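Examining the three-dimensional arrangement
Residues per chain, in single letters:
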Amino acid sequence: MSRFLNDKAVERLRSAGALPEILGSRYVLQEFLARGGMGVVYAAQDNTLNRRVAIKVLDWSDSRSMLEERLMREARVLAQLEHPGIVPVHDAGTLADGRVFYVMKFVEGSRIDDFLNSASALPERLRIFLRICETVSFAHSRGILHRDLKPSNVMVGAFGEVLVIDWGLAKILRSDSDGRSDETVRSPEPLSGAVAGDSETETTSATHDGIVLGTPGFMSPEQAQGRTASLDVRTDIFSLGKLLETIMKPTKNATALRVPRAFRAIFEKAAAESPSDRYASVAALAEDISRFLDGMPVSAYSENLWERTQRLYTRYQAAILLITAYLLMRAIFVLFGRH
Amino acid sequence: MAFDHSFVSGGGNFPQTRCSVIAAARSDDSAERANAMNVLFSAYWKPVYKYVRLKFSKPPEEAQDLTQGFFLELFERDLLSRFDAEKSRLRTYVRLCVDSFVLNEIKHAQRQKRGGNAVHLALDFPALEGELDAQTIDPESIPAPEHFEEFFEKEWIRSLFASAVEDLRQFCEGRGKQAAFSLFEAYDLFADESVSYAQLAETRGLSVGDVTNQLAWARREFRRFAQQRLRAICATDEEFSRERKLLFGGNP
């Protein structure tokens, strides 16, 4: 007669059954880190190289082939994107229990919105955002859209490194131009294997038109409508605009940041409803952010004379004050000298 | 009819990994059909009994009669042959059959005490009643009417896991791995959350690595047995994948 299992035991068995089967491999499971849309990420010890790694393991799924392919695709996309802002992949394969996994660098850090609780100055936030832009722009230059940019997918590491993570919804763009912006469709280096392969087939088989993938609040209107085939870099630019808006929101311990009109115009342009009203490339968005940081006019906003004067004053404040002080001293000297 | 309880009691009669109970139930071979019923019966009698007891508020004796009557009807009327894997899961189909059977019995009030020529299944209903008492000792743990489907699912999982644990126990005994089962029992079945690998290692004179390896082995075998039992009561690979996700996919 089998014994009675109480609710707690049943739950423990369910958890135990879900643990990846890595016995006998080079990895020793350490702890649960996070759950994503497709699977679970665990910390593990790589006994061969004696280092800590993160293992992403696919859930037991009811449509295995599609999710398996997507996870492997994510691993291959990451492997193609060698960049300081993207977590490198070390290994990938199938576990003894049949589930697909990949191993990546273990990153200690925090989500960007959590990190910003301790980094409240506007320039500091914008410099972090520029790092995100660099990474996304790099991916675009390799013909890859992220399609799920949001605070939980940006991490700030222990040494200040800014990482864009979770490329599970990445879309590989075709390498031939069909009228969209040049950055969107050109893959400077042909991607190999199943990542690029037959790019169009790959893309459509992974994300059929009509299927909505993304995160509400951060995905572009065209993405939310499931117009997968027509997506280009501007869908990521929309998400970056929303991300920028989030980054500018006051944190728990800070007072509200004063958001200048020119700056507001930048994220409004990035997150415009219509793709044609957005920046054409992430580089153009980053350029406007840089110009704003440097106190220069931005392409997203036409300033009036008063705003221009204010901006110039802010930008050259030190020089203006020095010259004014010099002139004042000079005037006083001349006046008193005559007497 | 006679049910073979060697499977119910974990007599080492594991289901064939790739053999579906539905395919076997539709076989021309009566022995194979009977075996399919055994497999189905072992997986479902506990959840069915508890479901009947709580959903229809039946006293123990009446619920026992209804449970036995349901399985006899399932066999005699060949209800499994009508199951369409394209339309629903087997678990849902069984639950709906139970609903239909019990309502029919109530409606016609013609249920006869099954005795005489009818076969009484030697099931441990008192033990199951004890489980039910333990589960419903807190009135808030009694499911609301709209949650009986979840309750049935939960009891089905509990029953399947309990059988797989019994399979594992016997497997460990057969291989001289009682220590691994004992660790599994202590950590995964009955431990409170404060027990650590280090504590287990210390109390049993093992290294933490040994505890880790033995637990990993026991869990792997447990999962294998649970999957074998699950596969046996799923009609198709797709249903098996969906049910496996339900069992293991949602955690942690």
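Scroll up a little and you will see the structure.
Computed from a prediction, not measured in an experiment: that's the story for all the values here.

Turning next to the overall build of chain B. A tally of helices and strands in chain B yields 10 helices and zero strands. Secondary structure elements of chain B, listed N to C terminal, follow the sequence α-α-α-α-α-α-α-α-α-α. Out of the 252 residues in chain B, the part that is buried amounts to 41%.

On to the interface of chain A and chain B, then. Contacts between the two partners involve 24 residues from chain A, matched on the other side by 32 residues from chain B. At nine residues, helix H1 (residues 7-18) of chain A tops the list of elements feeding residues into the side of chain A that touches chain B. Residue classes in the side of chain A that touches chain B are distributed as 13 nonpolar, four polar and seven charged.

On to the packing of helix H3 (residues 60-76) of chain B against helix H4 (residues 90-108) of chain B, then. Residues and elements named next belong to chain B. Taken N-terminus to C-terminus, the directions of H3 and H4 make an angle of 115°; their axes are 10 Å apart at the nearest point. Taken together, the axes of H3 and H4 are roughly perpendicular relative to one another. The interaxial crossing formed by H3 with H4 has right-handed handedness. Side by side, H3 and H4 meet where Leu-66, Phe-70, Glu-73 and Leu-74 of the first sit next to Cys-97, Val-98, Phe-101, Val-102 and Glu-105 of the second.

Next up on the list: the environment of A:Leu19. One can find A:Leu19 in the loop between H1 and strand S1 (27-35). Along the sequence, A:Leu19 and A:Leu29 sit 10 residues apart, while their C-alpha atoms lie 8.9 Å from each other. Residue contacts for A:Leu19: discarding those within four places in its chain leaves A:Leu29 and B:Arg219.

Another point: the sheet that holds strand S2 (residues 39-46) of chain A. Residue and element names in this part refer to chain A. Strand order in the open sheet formed by five strands is S1-S2-S3-S5-S4, with antiparallel pairing between adjacent strands. Because the sheet does not close on itself, it has two edges, and the strands there are S1 and strand S4 (89-94). Going across the sheet, the axis of each strand differs from the next one's by a mean of 25°, ignoring polarity. When S1 meets S2, the two strands line up antiparallel, connected through seven bridges. What sits directly across from Phe-32, in S2, is Tyr-42.

With that settled, the discussion passes to the sheet that holds strand S8 (residues 154-157) of chain A. All names here are of chain A. In spatial order, the strands read S6-S8-S9; together these three strands make up an open sheet with antiparallel pairing. Two strands in the sheet have a free side with no partner beyond their single neighbour: strand S6 (109-111) and strand S9 (162-164). Averaged over all pairs of adjacent strands, the angle between their axes in this sheet comes to 30°, without regard to strand direction. In terms of strand pairing, S8 meets S9 through three bridges, oriented antiparallel. Opposite Met-155, over in S9, you have Leu-163 as the bridge partner. Contacts from helix H4 (residues 122-141) reach S8 and S9 within the one sheet, and its direction differs from that of S9 by about 40°.

Here we come to the packing of helix H2 (residues 30-55) of chain B against H3(B). Residue and element names in this part refer to chain B. Two elements in contact, H2 and H3, have axes whose closest approach is 9 Å; the angle formed by their N-to-C orientations is 145°. Two packed elements cross with a definite hand, and for H2 against H3 that hand is right-handed. Of H3, the residues touching H2 (which contributes Met-37, Phe-41, Trp-45, Val-48, Tyr-49, Val-52 and Arg-53) are Ala-63, Leu-66, Thr-67, Phe-70, Phe-71 and Phe-75. Partitioned by chemical class, the residues of the contact of H2 with H3 number 11 nonpolar, one polar and one charged.

Conventions and cut-offs
Residues numbered from 1 in each chain as written. Chains lettered and ligands numbered in written order. Predicted model: local features only at pLDDT ≥ 70, side-chain atom pairs only at ≥ 80, totals over all residues. Helix = DSSP H or I, 4+ residues; strand = E, 2+ residues; numbered from the N terminus. Buried ≥ 20, exposed ≤ 12 C-beta atoms within 10 Å, placed from the backbone. Contact = placed C-beta atoms within 7 Å. Nonpolar A, V, L, I, M, F, W, Y, C, P; charged D, E, K, R; others polar. Axes fitted to C-alpha atoms, helices over the stretch in contact; angles between N-to-C directions. Parallel < 35°, antiparallel > 145°, perpendicular 65-115°, else oblique. Left-handed = near helix turned anticlockwise from the far one by under 90°. Pairing = 2+ DSSP bridges.

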